[in-house]
Amino acid sequence: MSVRPEMGVFPVRLLQIANQLDAEHELRRMGVDPGGIALMASKMVHRCVHLSRLQCRQANVLKQEMLSLGGDAAVARGTVACSIEATDVILMGTDKQLQLLCSKLAAQPFGLRPIATEIEHALARAERGPRSWQTSRRELSLARPLIMGILNATPDSFSDSSHHFDPQQALDRALEMVEQGVDIIDIGGESTRPGAQPVSEELELQRVVPVIRLLAERVSCPLSVDTWKSAVAQGAMDAGAEIINDISGLTFDPRMAQVASRTGAGVVLMHTRGTLETMHNTTTYRDLLGEVAQELSVSLELALSAGIKPERVVLDPGIGFSKNAEGNLELLRRLRELSVLGPPLLVGTSRKSFIGKALGRDASQRVHGTAATVALAVANGASILRVHDVAEMRDAADMAHAITTGLPGKPPPPASH
């Protein structure tokens, strides 16, 4: 005989408040005065803020100030006595407490004012998020997730159904993707799967340029070239592409940043390690998210130093590149941590081996697993999803967007001009 749980006189719920919009909605629903909403919403969002390699005296001030505000800070053993050289710090508090901390740090010594500025920037990026992405020809709205369809002009992609070596066949597939709701088409002429043979610059140009030139005449959506070679990127931009998707984050070819800057391309900077030959074997990290964030920030600085405007940059954590299956899962789970870098996030999980490892499926049977990763990526802050199965992932992304925003209507196509 089952026993019904005893219900209290005053029902209790534990609220799930992800951001200030959630907080404002809940306060408004219960009839809180608008002035009270403005005061209390930031007290309902709790965050953990990680700071790296601070001096012990800086860390001790931070801990004291957070404790005085009702928050806390974790530091390494030996920090209080200053018996260690440096320590990471994790600040724990509400948005309101963190904002007050930043105000108080402005008057503190030991170089704490720049730290306060960085915390303020991180909080602002977490709350607002990017609104658009500028390519060489248009501005793409990020009011809804963008679907980037994969079109491989190669004979050896890991996904058999993505081969479109012949330009006419590539056009047929591109038109099909447009009908299915694609926002961007990404054309690649070199496979980066484990064990793939490197392709010469000349052969890669022969593969992608005719396809891009034909598609530029027939489809209206933006075209992207998936390459790390500057000469291929230049040829693709001349043929009608407007985005350069570089798996190396501008690190394999020192001339790539200048090509991207000169052409005004939208740029995807992906995280990887090593070289094309070794990147799939460099999967060991002490702090995965911290190291990926730091290395992406290096690529971002390379782009900005070359004159690439911030609004043209998108970051990709490189799922499946220089990460093992466990690392890929962690990146998806904690993806939102990378939003503090500023640019929009692109995620490419489509049919990858970590899905096969989790589900025991080969590449042709990973559509449902991919859909789960796409939905979770959108919920965790991804703005662009790079996929093979456009129709299915369009629905998965739009449904996840509806859940996270509370907007059930079918979103309009991204505005561009």
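Since the structure is predicted, the reported quantities are computational estimates derived from the model, not experimental observations.

Student: Could you give an account of the pattern of salt bridges, with specific residues and numbers?
Tutor: Counted by the stated rule, this structure contains 22 salt bridges. A salt bridge links glutamate 176 to arginine 173, with the shortest nitrogen-to-oxygen separation between them at 2.9 Å. On the criterion of helical spacing, the pair formed by glutamate 176 and arginine 173 is a turn pair, its members being three residues apart in helix H6 (residues 167-180). Judged by its relative accessible area of 41%, glutamate 176 is partly exposed. As a salt-bridge pair, lysine 357 and glutamate 326 come within 3.7 Å of each other at their nearest N and O atoms. Of this pair, lysine 357 sits in helix H12 (residues 353-359) while glutamate 326 is found in helix H11 (residues 325-333), placing the two residues 31 residues apart along the sequence. Accessibility expressed as a relative area gives 48% for glutamate 326, which makes it partly exposed.

Student: Explain the sheet that holds strand E2 (residues 72-75) residue by residue, including any values.
Tutor: With antiparallel pairing, the three strands of this open sheet are ordered in space as E1-E3-E2. Lying at the two open borders of the sheet, with one neighbouring strand each, are strand E1 (46-54) and E2. Along the sheet, successive strands turn relative to each other by an average axial angle of 20°, direction set aside. Looking at chain direction, E2 and strand E3 (residues 87-94) are connected through four bridges and run antiparallel. Residue pairing across strands places aspartate 72 opposite methionine 92, the latter belonging to E3.

Student: How would you summarise the environment of proline 310 if you had to cite specific residues and measurements?
Tutor: Considering the arrangement of structural elements, one finds proline 310 in the loop between helix H10 (288-305) and strand E11 (313-316). Sequence spacing of proline 310 and glycine 342 is 32 residues, and the spatial spacing of their C-alpha atoms is 8.7 Å.

Student: Help me get a handle on the side chain of serine 141, residues and values and all.
Tutor: Along the chain, serine 141 turns up in strand E5 (residues 139-141). Here the side chain of serine 141 touches alanine 143 through a polar contact of 3.1 Å, landing on its backbone nitrogen.

Student: Mind laying out the environment of proline 198, listing which residues take part and the relevant values?
Tutor: As for its position among the elements, proline 198 is in the loop between strand E7 (184-188) and helix H7 (201-218). We classify proline 198 as partly exposed; its relative accessible area is 48%. Counting along the chain gives 77 residues from proline 198 to threonine 275, while the straight-line C-alpha distance between them is 11 Å. Residues contacting proline 198, with those up to four places away along its chain left out, are Glu190 and Glu277.

Student: Give me the packing of aromatic side chains: which residues, what numbers.
Tutor: Inspection of every chain in the model, using the stated rule, returns one aromatic pair. An angle of 80° between the planes, with centres 5.6 Å apart, marks the rings of tryptophan 228 and phenylalanine 252 as edge-to-face. Here the residue tryptophan 228 occupies a position in the loop between strand E8 (223-226) and helix H8 (230-239), and phenylalanine 252 occupies one in the loop between strand E9 (243-246) and helix H9 (256-263), the gap between them amounting to 24 residues.

Student: Any chance you could break down the pairing of strand E13 (residues 384-387) for me, citing the residues and the numbers?
Tutor: The two faces of E13 match: Ile384 and Arg386 on one face and Leu385 and Val387 on the other face are all buried. Alignment of strand E6 (residues 146-152) against E13, held across four bridges, turns out to be parallel. Its bridge partner being in E13, leucine 146 is matched across the sheet by isoleucine 384.

Student: Residue-level account of H7, with values.
Tutor: Counted at 1.5 Å a residue, the expected span for H7 with its 18 residues is 26 Å, and the 26 Å between its end C-alpha atoms agrees. For H7, every residue scored as buried is listed here: Glu204, Arg207, Val208, Val209, Val211, Ile212 and Leu215. Among the structural elements, E6, H6, E7, E8 and H8 are those in contact with the buried residues of H7.

Student: Can you break down the nonpolar core residue by residue, with the values?
Tutor: Counting residues in hydrophobic clusters, the biggest one holds 68 residues, and the most contacted among them are Ile185, Ile187, Ile212, Leu215, Ile244 and Leu385. In terms of residue count, the dominant contributor to this core is H10 (seven residues).

Student: Can you tell me about unusual backbone geometry, naming the residues and giving the values?
Tutor: With a phi angle near 75°, leucine 250 is a residue other than glycine that sits in the positive phi range. Mapped onto the elements of the fold, leucine 250 is located in the loop between E9 and H9. Even without being a glycine, arginine 351 presents a positive backbone phi close to 60°. Structurally, arginine 351 can be placed in the loop between strand E12 (346-347) and H12. For arginine 351, a relative accessible area of 8% corresponds to the buried category.

Student: Account for H10, with residues named and values stated.
Tutor: Along its 18 residues, H10 runs 26 Å from first to last C-alpha, staying within 8% of the 26 Å computed at 1.5 Å per residue. Residues of H10 that are buried include every one of Leu288, Leu289, Val292, Ala293, Leu296, Ser299, Leu300 and Ala303, and no others. One side of H10 holds all its buried residues, which, seen down the axis, span an arc of 125°. Check the buried side of H10 and you find it contacts strand E10 (266-270), E11 and H11.

Student: Break down the sheet that holds E6 for me, citing the residues and quoting the values.
Tutor: Spatially, eight strands are ordered E11-E10-E9-E8-E7-E6-E13-E12 in an open sheet, and the strand pairing comes out parallel. Lying at the two open borders of the sheet, with one neighbouring strand each, are E11 and E12. Note that E6 and E7 share five bridges and pair parallel. Note on E7: the bridge partner recorded for leucine 151 is isoleucine 187. Contacting E9 and E10, H9 crosses the sheet at an angle of about 160° to E9.

Calculation notes
- Residues numbered from 1 in each chain as written.
- Predicted model: local features only at pLDDT ≥ 70, side-chain atom pairs only at ≥ 80, totals over all residues.
- Heavy atoms only, no water.
- Salt bridge = Lys/Arg side-chain N within 4 Å of Asp/Glu carboxyl O.
- Helix = DSSP H or I, 4+ residues; strand = E, 2+ residues; numbered from the N terminus.
- Buried < 20%, exposed > 50% of the residue type's maximum accessible area, 1.4 Å probe, protein only.
- Pairing = 2+ DSSP bridges.
- Axes fitted to C-alpha atoms, helices over the stretch in contact; angles between N-to-C directions.
- Polar contact = N/O pair within 3.5 Å; in protein donor to acceptor, adjacent residues only side chain to side chain.
- Contact = heavy atoms within 4.5 Å.
- Phe/Tyr/Trp six-rings, centres within 6.5 Å; stacked < 30°, edge-to-face > 60°.
- Expected span 1.5 Å × (residues − 1).
- Core = buried A, V, L, I, M, F, W, Y, C linked by side-chain atoms within 4.5 Å.
- Arc of directions from axis to C-beta.

Interpretation in functional terms is not warranted from these geometric data alone.
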